[in-house]
Amino acid sequence: MSVLYTPVQWNRNKFLYDGVLLAGVVAYILVFLQVAPLFVDATRPVDGAILRMRAFGTCAFLMLTLILCIGPLARLDRRFLPLLYNRRHFGVLTCVVAATHALQVLGWYYAFSPTPRLEALLSANTSFGQVLGFPFEVFGIFALLVLTLMAVTSHDFWLSFLTAPVWKALHLLVYPAYAAVVAHMALGYLQDAKNPAFALLAGGGALTVAGLHLAARRRDRAARGAADWVTVGRPAEIADGRARIVSLGGDERVAVFRYDGRLSAVSNACAHQNGPLGEGRIVDGCITCPWHGFQYRPADGCSPAPFTERIPTYRLKLDGDTVLVHRTANPPGTPVEPLAIP
Amino acid sequence: MSDPDRGGFFIGWSNKLPDRLGLFLVQAAAVLVAGLAGAAFAIGVTQNDPGDGAFRFDLGRQTITGVLQAEPYPVLHVTESERYPAGHAIMLSGQGKRGVQDRAAPLDGQLVVASGVILTRGPLDMLQVRGGDQGLIAAEAAPDANAVPPGVPVPVPLGRWRLTGEICDGKCYAGAMRPGQGLSHRACANLCLTGGVPPVFVATDTVDGQAFFLIAGPDGGPVTDRILDHTAMLVEVEGQIERRGDLLVFRIDPATLEVL
Ligand code: FES
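Quantities reported herein were computed from a predicted structural model and do not represent experimental measurements.

**Points about the overall build of chain A**
So, step 1. The secondary structure content of chain A amounts to 10 helices and 11 strands.
So, step 2. With the C-alpha coordinates of chain A rotated into their principal frame, the extents come out at 80 × 40 × 40 Å.
So, step 3. Across chain A, the fraction of contacts at a sequence separation of at least 24, relative to all contacts at a separation of at least 6, is 56%.
So, step 4. Per element, the accessible surface of chain A, about 15,900 Å² overall, is 64% carbon and sulfur.
So, step 5. Put simply, chain A has 30 plus and 22 minus side-chain charges, and the middle of one group is 3 Å from the middle of the other.

**Describing the confidence of the model for chain B**
All names here are of chain B.
So, step 1. On average, residues of chain B score 88 in pLDDT, and 91% of them reach the 70 mark or higher.
So, step 2. Note that residues 1-5 has pLDDT below 50 and, in this model, 10 contacts with residues that lie over four places away or in other chains.
So, step 3. Two numbers describe this predicted complex: its pTM, 0.80, and its ipTM, 0.88.

**Remarks on helix α9 (residues 174-186) of chain A**
So, step 1. The terminal C-alpha atoms of α9(A) lie 18 Å apart, and with 13 residues this matches the ideal 18 Å at 1.5 Å per residue to within 8%.
So, step 2. Within α9(A), burial applies to A:Val174, A:Ala177, A:Tyr178, A:Ala180, A:Val181, A:Ala183, A:His184 and A:Met185.

**Some details on the domain arrangement of chain A**
Often, the extent of an interface is quoted as the loss of accessible area upon association of its parts.
So, step 1. Taken domain by domain, chain A comprises domain 1 (12-227) and domain 2 (231-340).
So, step 2. Computed from C-alpha coordinates alone, the two centres of domain 1 of chain A and domain 2 of chain A are separated by 36 Å.

**As for the sheet that holds strand β7 (residues 295-296) of chain A**
The strands making up a sheet are joined through hydrogen bonds of the backbone, oriented either antiparallel or parallel.
All names here are of chain A.
So, step 1. Read from one edge to the other, the open sheet built from three strands follows the order β5-β6-β7, with strand pairing classed as antiparallel. Looking at the sheet topology across the chains shown, the edges are occupied by β5 (281-283) and β7.
So, step 2. Here strand β6 (residues 286-288) pairs with β7 via two bridges, running antiparallel. Of the residues in β7, the one forming a bridge with Ile287 is Tyr296.

**A word on the interface of chain B and chain A**
So, step 1. Contacts between the two partners involve 56 residues from chain B and, on the opposite side, 73 residues from chain A.
So, step 2. The contact between chain B and chain A buries some 5,600 Å² in all, and 65% of this surface belongs to carbon and sulfur atoms.
So, step 3. Along the contact surface separating chain B from chain A lie two salt bridges.
So, step 4. A:Arg44 is the salt-bridge partner of B:Asp49, the closest N and O atoms lying 3.1 Å from each other.

**A short note on a nonpolar patch on the surface**
So, step 1. Taken together, the side chains of A:Val35, A:Leu38, A:Phe39 and A:Val40 present a nonpolar region at the surface, about 390 Å² in accessible area.
So, step 2. Tracing the backbone shows A:Val40 in the loop between α1 (12-35) and α2 (48-76).

**A look at the side chain of A:Asn330**
So, step 1. Along the chain, the position of A:Asn330 falls in the loop between β10 (322-326) and β11 (339-340).
So, step 2. If near-sequence neighbours (up to four positions away) are discounted, A:Asn330 is found in contact with A:Pro312, A:Thr313, A:Tyr314, A:Arg315 and A:Val336.

**Thoughts on the packing of α2(A) against α9(A)**
All names here are of chain A.
So, step 1. α9 packs onto α2 with a crossing angle of 145° between their chain directions and a minimal axis gap of 11 Å. The element α2 and its partner α9 pack so that their crossing is left-handed. Touching Phe61, Leu64, Thr65 and Leu68 of α2 are Val174, Tyr175, Tyr178, Val181, Val182 and Met185, all from α9.
So, step 2. Among the residues forming the contact of α2 with α9, the class breakdown is nine nonpolar, one polar and no charged.

**What about the packing of aromatic side chains?**
All names here are of chain A.
So, step 1. Applying the stated criterion across every chain, the model contains 15 aromatic pairs over all chains.
So, step 2. With a centroid separation of 4.9 Å and 50° between ring planes, the pair formed by Tyr189 and Phe198 is classed as tilted. Judged on exposure class, the residue Tyr189 and its partner Phe198 are both buried.
So, step 3. Cluster of aromatic residues (ring-pair linked, three or more members): Phe128, Phe134 and Phe139.
So, step 4. Here the basic side chain of Arg87 rests over the ring of Trp291, its NZ or CZ set 5.3 Å away from the ring centre.

Cut-offs applied
- Residues numbered from 1 in each chain as written.
- Chains lettered and ligands numbered in written order.
- Predicted model: local features only at pLDDT ≥ 70, side-chain atom pairs only at ≥ 80, totals over all residues.
- Heavy atoms only, no water.
- Helix = DSSP H or I, 4+ residues; strand = E, 2+ residues; numbered from the N terminus.
- Contact = heavy atoms within 4.5 Å.
- Areas by Shrake-Rupley, 256 points an atom, 1.4 Å probe, with all protein chains shown as cover.
- Lys, Arg positive; Asp, Glu negative; His and termini not counted.
- Charge placed at Lys NZ, Arg CZ, Asp CG, Glu CD.
- pLDDT = per-residue confidence, 0-100.
- Expected span 1.5 Å × (residues − 1).
- Buried < 20%, exposed > 50% of the residue type's maximum accessible area, 1.4 Å probe, protein only.
- Domains from an automatic or database assignment.
- Pairing = 2+ DSSP bridges.
- Buried area = accessible area lost by both parts, 1.4 Å probe.
- Salt bridge = Lys/Arg side-chain N within 4 Å of Asp/Glu carboxyl O.
- Patch = residues over 30% accessible without salt bridge, like charges linked within 9 Å, V, L, I, M, F, W, Y side chains within 5 Å.
- Axes fitted to C-alpha atoms, helices over the stretch in contact; angles between N-to-C directions.
- Left-handed = near helix turned anticlockwise from the far one by under 90°.
- Nonpolar A, V, L, I, M, F, W, Y, C, P; charged D, E, K, R; others polar.
- Phe/Tyr/Trp six-rings, centres within 6.5 Å; stacked < 30°, edge-to-face > 60°.
- Lys NZ or Arg CZ within 6 Å of the ring centre and 35° of its normal.

Below, the structure written as structure tokens:
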């Protein structure tokens, strides 16, 4: 949580996270560029620049695939939640790797020509009317632009500057970008189709991302009601210090927390980056977000001083031993008397 | 704001990590790094063979005398060289992605001395003519005034053919890039071709024992503008084939180009 914007609020976990990431990327590039060539015919080498294009390009694809797997994985198995913690550094590093790929291409395929590089990039292949031979570069350019935009706006400053809905919409562009990367490969390198390992990884990666998202969505799908008061369940069904997430239809979800023999309901979306608060816990009397640990008081949805974040609260009532929540949210930070469990 | 017993719940800013979760994360990190290294190895060792084409810098600068033919694309028919037999045809290109049309046109049909670096792939030879005025010059008049000056070889028609293969730029294919063919190299090939590098057809079958052809238009002239949508992939095309020296020229009919 922040009261001041600093470039990165470093802590031990972020160092570890970034260290592992860097180790993975360095291992990938080194093995691709230095180790693998020792095992192929040295008299027929692939050009160094082309080797680097392939190394950085495939690495960026795998990284983006992993990034997109983290969200649904954490839904399906809570132990993966820590991977979400510093996912934005993962994204920024992916952007750097992808940009390196693009620079290698510009500096080789588009160099040595009387046509200037960027002009060549847009003019060398204009077969937009055909599938085979389509200028697949445009897909890569689109994906790189999205990654760059996301990397540039990844800081919390942009989140509050752009407002959460705009920021979220912007960052959801990662899905079209991923689709574009798949198309970029499918119409490009995959067509030279004699690399079985690459074909397997590309296909397998894309299928894994799609499959995990479907599985997580199926699990999330909650019953939807139309009445003003929506059923939550019996208090005993909620573990102490935990929440039950109730869908109000559309994207709106409520997290109903049980703590100290009482119940409180708040919006499930964290004010930080829309993390799923209902998957968090009560720590030190505060709702604690599972993603980056932002905290809120259950009774009024406000972060404890000196922090200033606020989230909407909801009214609760008992009908016999069934808890109901009212579907209209209170403005962020509105105090609501917690419901005592009988 | 921390609580030692959080039941395995991870809070990023807290330096205390629940034990079991710590072990899981160490394993996840190991799987990540090892998995990436393994993937790099698997992709790295299964890359396509880029072919045996290459710049022959090892041979040093070549100076070759021959008759220049400017159309459809500049070709030198060797009359005298240390390395190449008389009658051998060598395609010409400039530095980078450039042709030598402008330097070749005024010397068309004449005996010239060309110098530069050779690129070789199988039977295909290309000379990257060195820059400046000295790369391509008219040969000095023969000392024997009565000698008949050599001319361009008379074309020998080999009939009409429909061939399957790939349109490549003759320079990258000959080894300027490895690999210098295939769809991922397409934009690069088109840049070479529009820059004036001679296009070649690499067929899946042979005609008269050869699978490389210099591409020309139906009238025997250049055809670059009409093949750019069909480069770098498997296509089928029809045309007349003729032999000029030891070079086969495929006078394609662009209207018959078909993507396979
Ligand atoms: S703390 Fe970042 S989304 Fe909740």
